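Fold and contact review
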Amino acid sequence: MNSWNESLHFCDWMGVTCSRRHKGRVTLLSLERRGLIGSIPPQIGNLSFLRGINLAENIFQGEIPHEIGRLSRLRFLNLSNNALQGEIPGNLSFCSNLEVLNVSDNMLVGKIPNSLETLGMKRLNTLFLESNKLTRTIPKWLGNASSLIQLSLSSNKLHGSIPVQLQKLQNLSYLVVANNNLSGVVPLAIYNLSSLIVLSLAFNQLHGQIPNDIGLTLPNLQFIFCGTNYFTGRLPVSLSNASQLKQIRFEYNNFNGPVPPNLGRLNALEWLNLEGNNLKGEML
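All figures in this text were calculated on a predicted structure; none of them were measured in a lab.

1. Remarks on the overall build of the protein
A count of helices and strands for the protein gives 2 helices and 22 strands. The C-alpha extent of the protein, read off along each of the three principal axes, is 70 × 35 × 30 Å. For the protein, the residues scored as buried account for 49% of the 284 residues in total. For the protein, the exposed area adds up to about 13,300 Å²; of that, 48% sits on carbon and sulfur atoms. Distance from the positive charge centre (23 side chains) to the negative charge centre (16 side chains) of the protein: 8 Å.

2. Concerning the side chain of Glu-130
With respect to the secondary-structure elements, Glu-130 resides in the loop between β9 (126-128) and β10 (133-134). At 14 Å, Arg-33 is the nearest oppositely charged side chain to Glu-130, a buried residue that forms no salt bridge. If we skip the residues at most four places from it in the chain, Glu-130 touches Ser-104, Asp-105, Ser-152, Leu-153, Ser-154 and Asn-156.

3. Brief notes about unusual backbone geometry
Notably, Asn-81 is not glycine yet its phi reads approximately 60°, a positive angle. In this structure, Asn-81 sits in the loop between β6 (76-78) and β7 (100-102). What makes Asn-81 partly exposed here is its relative accessible area of 34%. Its identity is not glycine, yet Asp-105 carries a phi of approximately 55°, on the positive side. Following the sequence through the fold, Asp-105 ends up in the loop between β7 and β8 (109-110).

4. Some thoughts on the packing of aromatic side chains
For the structure on display, the rule yields 4 aromatic pairs. When the ring of Phe-128 is compared with that of Tyr-174, the centres are 5.8 Å apart and the planes differ by 50°; the resulting orientation is tilted. Here Phe-128, found in strand β9, pairs with Tyr-174, found in strand β13 (residues 174-176); they are 46 residues apart in sequence, far enough to count as distant. Look at Tyr-174 and you get partly exposed, because its relative accessible area is 26%.

5. Concerning the sheet that holds strand β22 (residues 278-280)
Across the sheet, which stays open at both edges, the 6 strands sit in the order β12-β14-β16-β18-β20-β22 with parallel pairing between neighbours. Both edges of this open sheet fall to β12 (159-160) and β22, since each of them pairs with a single strand only. Sheet topology places β12 next to strand β14 (residues 181-185); 2 bridges connect them, and they run parallel. When the bridges of β14 are listed, Gly-160 appears paired with Leu-182.

6. Description of the pattern of salt bridges
Across all of its chains, the model carries 2 salt bridges by this definition. When the shortest N-O distance is used, the salt bridge between Glu-57 and Arg-33 registers 3.5 Å. Here Arg-33 lies in the loop between β2 (26-30) and β3 (37-39) and Glu-57 lies in the loop between β4 (52-54) and β5 (59-61), a separation of 24 residues in the sequence. Its salt-bridge partner being Arg-249, residue Glu-251 comes within 2.7 Å of it at the nearest N-O pair. Taking the relative accessible area as the measure of exposure, Arg-249 reaches 22% and is therefore partly exposed.

7. Let's talk about the sheet that holds strand β1 (residues 16-18)
Adjacent strands of a sheet form backbone hydrogen bonds with each other and so pair up, either parallel or antiparallel. Within the open sheet, the 12 strands sit side by side as β1-β2-β4-β6-β7-β9-β11-β13-β15-β17-β19-β21. Their pairing is mixed. Two strands lie at the open edges of the sheet, namely β1 and β21 (271-273), each paired on one side alone. Ignoring strand direction, the axes of neighbouring strands in this sheet form an average angle of 10°. Note: strand β19 (residues 247-249) against β21, 3 bridges, orientation parallel. What sits directly across from Arg-249, in β21, is Asn-273.

8. A word on the environment of Gly-227
Structurally, Gly-227 can be placed in the loop between β17 (223-225) and β18 (230-233). With relative accessibility at 1%, the residue Gly-227 sits in the buried group. Sequence separation between Gly-227 and Ala-83 is 144 residues, and the spatial gap between their C-alpha atoms is 29 Å. Setting aside anything within four residues of it in sequence, one finds Gly-227 in contact with Ala-202, Phe-203, Arg-249, Phe-250, Glu-251 and Asn-253.

9. A few points about a positive patch on the surface
On the surface, a cluster of positive charge is made up of Arg-21, Arg-25, Arg-51, Arg-73, Arg-75 and Arg-123. Counting through the fold element by element, Arg-123 comes out in the loop between α1 (117-120) and β9.

10. Overview of the pairing of β2
Pairing analysis gives 3 bridges linking β1 to β2, with the strands arranged antiparallel. From the neighbouring strand, Thr-17 faces β2, where its bridge partner is Leu-28. Alignment of β2 against β4, held across 3 bridges, turns out to be parallel. By the bridge assignment, Ser-30 is partnered in β4 with Asn-54.

Rules used in this analysis
- Residues numbered from 1 in each chain as written.
- Predicted model: local features only at pLDDT ≥ 70, side-chain atom pairs only at ≥ 80, totals over all residues.
- Heavy atoms only, no water.
- Helix = DSSP H or I, 4+ residues; strand = E, 2+ residues; numbered from the N terminus.
- Buried < 20%, exposed > 50% of the residue type's maximum accessible area, 1.4 Å probe, protein only.
- Areas by Shrake-Rupley, 256 points an atom, 1.4 Å probe, with all protein chains shown as cover.
- Lys, Arg positive; Asp, Glu negative; His and termini not counted.
- Charge placed at Lys NZ, Arg CZ, Asp CG, Glu CD.
- Salt bridge = Lys/Arg side-chain N within 4 Å of Asp/Glu carboxyl O.
- Contact = heavy atoms within 4.5 Å.
- Phe/Tyr/Trp six-rings, centres within 6.5 Å; stacked < 30°, edge-to-face > 60°.
- Pairing = 2+ DSSP bridges.
- Axes fitted to C-alpha atoms, helices over the stretch in contact; angles between N-to-C directions.
- Patch = residues over 30% accessible without salt bridge, like charges linked within 9 Å, V, L, I, M, F, W, Y side chains within 5 Å.

Shown next as structure tokens:
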């Protein structure tokens, strides 16, 4: 960060991008992996032309400044892999153009703010909140976030069931809710989200059966992680129809019956873990 001194115009500082059209207006702060320490200054909310903030993989502490909520032009906010504390500011909902919100791998607490629903109903396509200490339930309003493509809530302290409202997210390709305290049956309609590439439900207390036609209803699936739950029944034979599958992890559940013989014909398969069940048979 030696370039951050008065001998250079701030638009020439490392990690700072300014607008060509509006002279002297900062549009991007890209300062990931710079070893920065301390708190994020509230004055960041004065940079009204900011479209992107990337402060990932530093050592920022303290709370996320509420002043970021003033940044109506902001399109992406990445504060991941820091040591931020406190709650997710509800007034981030005023960042009406926000497309990517990533605050994963911090020490954030509290619930997922209901006020963020307004972002979900606009442009938000990526919401990464994993690896924090968030509590309460997965909010039902996420089902109204029609632009969501990637949703990760893993490694928190969320409880309750997976909301059936998520079935409305027809563009969703990445759904990760692993390593929480979720319980109940996975809504059947979740298995009909045909755009899903990654489905991770592992390390919860979920039960029920995996639908027999999952390999047909999720044709784009590449990764399915359901390990360490209480799923029962037989493994779906139709999994072999999901020809792009790379990893299947159903370990430590209560599955029984034969291993679907055609799983061995999945040419893209790299990892298959079925241990800790009551299965028998061989793959072809």
